[in-house]
Structure formats: C-alpha cells, structure tokens
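Fold and geometry: a report
This is what each chain is made of:
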Amino acid sequence: MTASFADLIRNIPDFPIPGIQFKDITTLLRDGAAFRQAIDAFAERYAGRTLDAVVGIESRGFIFSAPLAYRLGIGLVPIRKPGKLPAATYQVEYDLEYGSNKLEIHRDAFTPGARVVIIDDLLATGGTVAAACQLVEMAGATIEETAFLIELTFLNGRERLAKYPVFSMIQY
Ligand code: AMP
C-alpha cells in the first residue's frame, strides 16, 4: 500500500516569503508509484469525456498536463509566461497579493470549438487559473473543467471560478 498523497506533500513554512505555507510536491513526484497514481486518477476522471486538449499552466502545471494528455491521446496546449511563446499570442495580466503577473497562449492553439480541461498543481486564490480560463476562451475553446492536485480551500479560489467546474484531489 502506498502512502496517501497528503502524506507525500511536504509543507515548507515561510517560503518563498514569510507567512506562506508552501506545498512542496517534489516529495510526491519522486515517488514513482504515487506520481503514476496521480496521473492515472486524472486520466480515469477524463477518459469518458469528449475532450480535444489538455491545457497546462507554466511551470508546475506542465508536470501533470503532459502525461495526462499523453494518456488521453489528445493534444497539450501550454499557457506560458510572457515572451516564451514564439507565434502570435493573447495575453492576460492579473493581480497577485503583491504586484501582478502575465500569462500568454498562442492565438491559434485550438481547433474551433475545442473542449479542454485546464490543469495546474495547486489552486490558491484562483487568480492564475482565472487568467488561464480567460485566455482559453479568447482563443476560442470551451472549458470542461479546471483540475488541480491540491486545493487550499481557505483561500476560496473556487468562488472566483464559479463559472467553471473545479476538481481537486487533495484539500487543505
Ligand atoms: P493562485 O493564483 O493564488 O491560485 O496561485 C496558484 C499558483 O501559485 C499555482 O500555480 C501554484 O503553483 C502557486 N502557489 C500558490 N500558493 C502556493 C502554496 N501555498 N504552495 C505551493 N504553490 C503555491
């Protein structure tokens, strides 16, 4: 019997700044059985759905979105930090607790009418994935669901994503 996902996620207090309880997933990723179990759980959830692509958010979202897309036999569309995508992009700027961030997607990332699931490692305030949802819709796709390994429920990210189904494997 493998340890539960929650037992394999390490909490690092005050990283990267004082007051943040950082959920370190590297301790889960290095456990081959647990990593496979996480990807398999996502794959089982989405296997029966009609999906055209998995959208991964840079950087830790790529760790889960790429193997999931491979398992489902559908494409992977990256959402990246500014200046990384080489062709024409849509860009969204969103607020963080301190300052702001930008994310981009290729304008031609999807076939018209594509249905997608958006994956990131962790849902906190929901600002990052809300920006990702905006980009996906700007590029003409429909969001089936947003999915996360971890959800920090006390930050109410789900409320911010009220328009979309939200799935998470582990809640704190
Ligand atoms: P948010 O936009 O507030 O939902 O933040 C989500 C993004 O920030 C995700 O891409 C996470 O990887 C990262 N993040 C936010 N809070 C934490 C945390 N406590 N531990 C690990 N990563 C976090």
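An account of the accompanying structure is given in this report. The numbers attached to residues start from 1 for each chain and follow its sequence in the written order. Given that the model is predicted, a residue must reach a pLDDT of at least 70 before its local features are reported, and side-chain atom pairs must reach 80 or more before they are shown or counted; all residues, however, enter totals for whole chains, interfaces and linings. Calculation of side-chain values draws on the structure's entire complement of heavy atoms; hydrogens and water are dropped beforehand.

1. Notes on the environment of Thr146
Tracing the backbone shows Thr146 in strand S8 (residues 142–151). The rule is simple: take the accessible area with a 1.4 Å probe, protein chains only, and divide by the maximum for that residue type; under 20% is buried, over 50% is exposed, in between is partly exposed. Overall, the relative accessible area of 0% leaves Thr146 in the buried class. A C-alpha to C-alpha distance of 25 Å links Thr146 and Pro16, two positions 130 residues apart in sequence. By definition in these notes, contact holds between two residues if any of their heavy atoms fall within 4.5 Å. In contact with Thr146, other than residues within four places in its own chain, are Ile118, Val129, Cys133, Leu161, Pro165, Val166 and Phe167. Each helix is a run of DSSP H or I of at least 4 residues and each strand a run of E of at least 2, with the numbering of both proceeding from the N terminus.

2. Section: a nonpolar patch on the surface
A cluster of nonpolar side chains, Phe154, Leu155 and Tyr172, forms an exposed patch at the surface whose accessible area comes to about 290 Å². Along the chain, Leu155 turns up in the loop between S8 and helix H6 (157–160). What goes into a patch is any residue over 30% in relative accessible area without a salt bridge, connected to like charges within 9 Å or, for nonpolar side chains (Val, Leu, Ile, Met, Phe, Trp, Tyr), within 5 Å. Shrake-Rupley sampling with a 1.4 Å probe provides the accessible areas, and residues are treated as covered by the protein chains on show and by no other component. Any carboxyl oxygen of Asp or Glu that lies within 4 Å of a side-chain nitrogen of Lys or Arg is treated as forming a salt bridge with it.

3. Quick notes on the nonpolar core
Only buried residues count toward a nonpolar core, which is a set of Ala, Val, Leu, Ile, Met, Phe, Trp, Tyr and Cys residues joined through side-chain atoms within 4.5 Å. Ranked by internal contacts, the top residues of the largest apolar core, which has 27 residues, are Val55, Ile79, Ile105, Phe110, Val116, Ile118 and Val136. Within the residue set of this core, elements represented by two or more residues are strand S3 (53–57), strand S4 (75–79), strand S5 (89–95), strand S6 (100–106), strand S7 (115–123), helix H5 (127–138) and S8. Per-element tally for this core: the top contributor is H5, with six residues. With residues up to four places along the chain from it excluded, the contact list for Phe110 reads Ala53, Val55, Val77, Ile105, Val116, Val136, Ala139 and Ala141.

4. Concerning the side chain of Glu104
Looking at the element boundaries, Glu104 is found in strand S6. Here Glu104 is buried and forms no salt bridge, its nearest opposite-charge partner Lys102 lying at an N-O distance of 7.9 Å. A distance of 2.9 Å separates the side chain of Glu104 from the side chain of Gln91, its partner in a polar contact. In this view, Glu104 contacts Pro78, Ile79, Arg80, Lys81, Pro82, Gly83, Leu85, Thr89, Tyr90, Gln91 and Leu135; residues no more than four positions away in its chain are not counted. Asp and Glu are treated as the negative residues and Lys and Arg as the positive ones, with His and the ends of the chain left uncounted. By the criterion applied in these results, polar contacts are pairs of N or O atoms within 3.5 Å in which, for protein atoms, one can donate a hydrogen and the other can accept it, and in which residues neighboring in sequence qualify only through two side-chain atoms.

5. Examining the packing of aromatic side chains
Any two of the Phe, Tyr and Trp rings considered here, Trp counted by its six-membered ring, make a pair once their centres fall within 6.5 Å; the pair's planes then place it as stacked at under 30 degrees, edge-to-face at over 60, or tilted in between. The tally for this structure, following the rule as stated, stands at four aromatic pairs. A ring pair is formed by Phe35 and Phe64, whose centres lie 6.2 Å apart and whose planes are at 75°; its orientation type is edge-to-face. Taken together, the residues span a long stretch of sequence, with Phe35 in helix H3 (residues 32–46) and Phe64 in helix H4 (residues 60–72) at a distance of 29 residues. Here Phe64 falls in the buried class, since its relative accessible area comes to 1%. For the ring pair Phe42 and Phe167, a centre distance of 6.2 Å and an interplane angle of 80° mean the geometry is edge-to-face. Here Phe42 is found in helix H3, whereas its partner Phe167 is found in strand S9 (residues 166–171), with 125 residues between them in sequence. Residue classification places Phe42 among the buried residues on the basis of a relative accessible area of 0%.

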